[in-house]
2 protein chains.
Amino acid sequence: MKAGPDIAMVASLVGDPARANMLTALMTGRALTASELAHQAGVTPQTASSHLAKLEGGRLIEAEKQGRHRYYRLSDPDVAGVLEGLAGLAARAGHMRVRTGPKDPALRRARICYDHLAGDLGVQMLDSLKKQRLVRQTKQQIELTAEGERFLSNSLQISAQSLAHPRRPVCKACLDWSERRHHLAGTLGAAIMTRFTELKWAARDAAPGSRVVNFSRTGEKRFAALFGDGE
Amino acid sequence: MKAGPDIAMVASLVGDPARANMLTALMTGRALTASELAHQAGVTPQTASSHLAKLEGGRLIEAEKQGRHRYYRLSDPDVAGVLEGLAGLAARAGHMRVRTGPKDPALRRARICYDHLAGDLGVQMLDSLKKQRLVRQTKQQIELTAEGERFLSNSLQISAQSLAHPRRPVCKACLDWSERRHHLAGTLGAAIMTRFTELKWAARDAAPGSRVVNFSRTGEKRFAALFGDGE
DNA sequence: TCGATGCTTCGGCTAGCATCGAACTATGAA
DNA sequence: TTCATAGTTCGATGCTAGCCGAAGCATCGA
């Protein structure tokens, strides 16, 4: 009938609740085993195995065998982008998952979006970077300024050269579903999040599959010193 | 169990072939009646009505009543963006719709992406704009240059002021599923496409629901003169 | 007022698919 | 070897959701 890519095919893959749970679990950026994903999705291993085969067939995830485990990860950052987009549409339609756990406020405050910081603090950081003119956002595009490069090197020991990547932009605006505003993605967003973890300013929540990021007391202070909305 | 937006909810809406057909039909940016959408989807009016109610409930589309017709449109350009994203994932997974019609090459050459030009010519236009330094693309962001403003005014009678919009950026990079590269979206992308139509350089295909854009002979020449890879 | 058209609601049918129990294969440890 | 664990395949089951026929509103034109 029609030409074009079969979007129903891939959307229906995401459309099953169990598979959607698995995919959101993989939004942490970590590779997870089949049984971990089964647990996340709340189904038995057999069922999970069938789901994972379908997701792999649809090229949404990739598997790597390691001993008797199979580790699954999202096949591409673009997949994470589309998932965030879907989350945005769901959020604006008011379709939140019913059983809102106690973790919800923490999730809105700071969470992992694939490999970078999202939520209230993520949005706040990008705002502050712009205000301090460390990045320049023209319309839809973000660019690191010379001043920004100095800042990264001095305050966070991140060298601008290390951010270059053949296929991924350094800075990218990513729409935040909880804040409905942009936060910082790209290799820079990822590098900053990594640095936060290394400095023990922040750590991912211990609960498996949780996207919550917990800031330490000192981390919170340092973050505020660098990116606080201050006055 | 989990907090966060219910992405399975909205993905399952897109996941049904009939609904996906309707949504792709609405990617033309035009508002269509319930019966037109039923025809596009290949289902009876009753079935279509049920689908449309679900899509409306999920806030993916909006309806407007006019006489005894109900006109449906995508509720937001963001919806179109997510649909294009899904199309990208489907294309890279090799999941194209089976019955590839004769229109397919035309579709890849030039088509409407919501309200702007996509396909080979869309990508070529953005490339040329950058090469001529009429827009500047830093990393992910596109910006109109002073020279670009003059060009628009002189060659296409588009004034830069008319492009301002409270919620929509002037320039935006939109990923093209057939070319896997960016073309120009935003109010500028839309304005240029409108101008092409007004000048009768190009027209949307007459077949209802078709996204194909046909260029006239003169249109083709003028387009090549402005944006040809010529040199 | 009458008929035609566009769209929706209702009810029943059917197919597809998610689910799980049971059985099977592969890896690692003792 | 033997046992435990991770994962898959197979077959049966049951529910969901898409589908259409028939009937019911609403709007338009005569």
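Residues numbered from 1 in each chain as written. Chains lettered and ligands numbered in written order. Predicted model: local features only at pLDDT ≥ 70, side-chain atom pairs only at ≥ 80, totals over all residues. Heavy atoms only, no water.

Chemist: Please clarify how the packing of aromatic side chains should be interpreted in this entry.
Modeler: The geometry of two aromatic rings is summed up by the distance between their centres and the angle between their planes. If you walk through the whole model with that rule in mind, you get twelve aromatic pairs over all chains. Residues F151 of chain B and F227 of chain B carry aromatic rings whose centres are separated by 6.0 Å and whose planes lie at 65° to one another, so their mutual orientation is edge-to-face. A residue pair is termed long-range when its members are at least 10 positions apart, and F151 of chain B in helix α8 (residues 146-156) and F227 of chain B in helix α10 (residues 217-227) qualify at 76 residues. One aromatic cluster is present, built from ring pairs that chain together F151, F196, W201, F215, F223 and F227 of chain A. (Phe/Tyr/Trp six-rings, centres within 6.5 Å; stacked < 30°, edge-to-face > 60°. Helix = DSSP H or I, 4+ residues; strand = E, 2+ residues; numbered from the N terminus.)

Chemist: Teacher, can you tell me more about the sheet that holds strand β1 (residues 32-33) of chain A here?
Modeler: Within a sheet, neighbouring strands are paired by backbone hydrogen bonds and run either parallel or antiparallel to one another. All names here are of chain A. Across the sheet, which stays open at both edges, the three strands sit in the order β1-β3-β2 with antiparallel pairing between neighbours. Each of the sheet's edge strands pairs with one partner strand only, and the pair in question is β1 and β2 (61-66). Direction of pairing for β1 relative to strand β3 (residues 69-74): antiparallel, over a ladder of two bridges. Pairing of T33 across the sheet is with Y71, part of β3. (Pairing = 2+ DSSP bridges.)

Chemist: What am I meant to see in the protein's contact with DNA strand C here?
Modeler: Of all residues adjacent to DNA strand C, which total 22 residues, the nearest are Q46, H51 and K54 of chain A together with S35 and S49 of chain B. Considering the 4 Å shell around the protein, atoms of DNA strand C inside it are sugar or phosphate in 74% of instances. At 2.5 Å from a phosphate oxygen of DNA strand C is found a side-chain nitrogen or oxygen belonging to H51 of chain A. Here a phosphate oxygen of DNA strand C and a side-chain polar atom of Y72 of chain B are 3.2 Å apart. Top element by residues in the surface near DNA strand C is helix α4 (residues 45-57) of chain A. It accounts for four residues. (Near = heavy atom within 4 Å. Polar contact = N/O pair within 3.5 Å; in protein donor to acceptor, adjacent residues only side chain to side chain.)

Chemist: What's the story with the protein's contact with DNA strand D in this structure? I'm lost.
Modeler: Every one of the 22 residues lining DNA strand D counts as a neighbour, but S35 of chain A together with R19, Q46, H51 and K54 of chain B are closest to it. Protein-adjacent atoms of DNA strand D, using a 4 Å cutoff, are sugar or phosphate at a proportion of 71%. Q46 of chain B places a polar side-chain atom, nitrogen or oxygen, 2.5 Å from a base nitrogen of DNA strand D. At a separation of 2.9 Å, a phosphate oxygen of DNA strand D approaches a polar side-chain atom of T47 of chain B. No other element matches helix α4 (residues 45-57) of chain B, which puts four residues into the surface near DNA strand D. For the surface near DNA strand D, the class distribution of residues is five nonpolar, ten polar and seven charged. (Nonpolar A, V, L, I, M, F, W, Y, C, P; charged D, E, K, R; others polar.)

Chemist: In this structure, what is going on with α8 of chain B? I would like to understand it.
Modeler: Residue pairs three or four apart in sequence face the same way in an α-helix, which turns once every 3.6 residues. Residues and elements named next belong to chain B. Among all positions in α8, only G148, F151, L152 and L156 are buried. Buried positions in α8, seen along its axis, are confined to an arc of 100° and lie on one side of it. Exposed residues on α8 whose side chains face more than 90 degrees from its buried face are A146 and N154. Phi for Q157, located one or two positions after α8, is positive at around 55°. (Buried < 20%, exposed > 50% of the residue type's maximum accessible area, 1.4 Å probe, protein only. Arc of directions from axis to C-beta.)

Chemist: Explain the packing of helix α1 (residues 7-15) of chain A against helix α1 (residues 7-15) of chain B to me, please; I cannot follow it from the model alone.
Modeler: Any two packed helices are characterised by how steeply their axes cross, that is the angle between the axes, and by the distance between the axes. Across the interface, α1 of chain A lies against α1 of chain B with an axial gap of 7 Å and an inter-helix angle of 150°. What the angle tells us is that α1 of chain A and α1 of chain B run roughly antiparallel. In the crossing of α1 of chain A with α1 of chain B, the sense of the turn from one axis to the other is left-handed. Between α1 of chain A and α1 of chain B, the contacting residues are I7, A8, A11, S12, V14 and G15 of chain A on the first element and I7, A8, A11, S12, V14 and G15 of chain B on the second. (Axes fitted to C-alpha atoms, helices over the stretch in contact; angles between N-to-C directions. Parallel < 35°, antiparallel > 145°, perpendicular 65-115°, else oblique. Left-handed = near helix turned anticlockwise from the far one by under 90°. Contact = heavy atoms within 4.5 Å.)

Chemist: Hey, could you run me through the nonpolar core in this one?
Modeler: A general tendency of soluble globular proteins is for nonpolar side chains to be buried together. Within the largest apolar cluster, 66 residues are counted, with the highest numbers of intra-cluster contacts made by L74, L83 and L86 of chain A together with L74 of chain B. With residues up to four places along the chain from it excluded, the contact list for L83 of chain A reads V14, L23, M27 and L74 of chain A together with I7 of chain B. (Core = buried A, V, L, I, M, F, W, Y, C linked by side-chain atoms within 4.5 Å.)

Chemist: What's the story with the pairing of strand β3 (residues 69-74) of chain B in this structure? I'm lost.
Modeler: The side chains of a regular strand alternate, first on one face of the sheet and then on the other. Residues and elements named next belong to chain B. As paired strands, strand β2 (residues 61-66) and β3 are joined by six bridges and run antiparallel to one another. Counterpart to E62 in the pairing with β3 is R73. In this structure, the hairpin formed by β2 and β3 is closed by a connection of two residues, where G67 is found at a positive phi of approximately 60°.

Chemist: Whenever I open this one, the sheet that holds β2 of chain B confuses me. Can you help?
Modeler: All names here are of chain B. With antiparallel pairing, the three strands of this open sheet are ordered in space as β1-β3-β2. With one partner strand each, in any of the chains shown, β1 (32-33) and β2 form the two edges of the open sheet. The sheet contacts of α4 involve β2 and β3, and relative to β2 the element is tilted by about 120°.

Chemist: Just checking my understanding: could you explain the pattern of salt bridges for this structure?
Modeler: It is possible for side chains of opposite charge to pair when their charged atoms get near one another. All names here are of chain B. A full pass over the atoms with the stated rule returns 17 salt bridges over all chains. Ionic pairing is found between R73 and E64, a salt bridge with its closest N-O pair at 2.9 Å. For R73, a relative accessible area of 28% gives the class partly exposed. For E64, a relative accessible area of 34% gives the class partly exposed. (Salt bridge = Lys/Arg side-chain N within 4 Å of Asp/Glu carboxyl O.)

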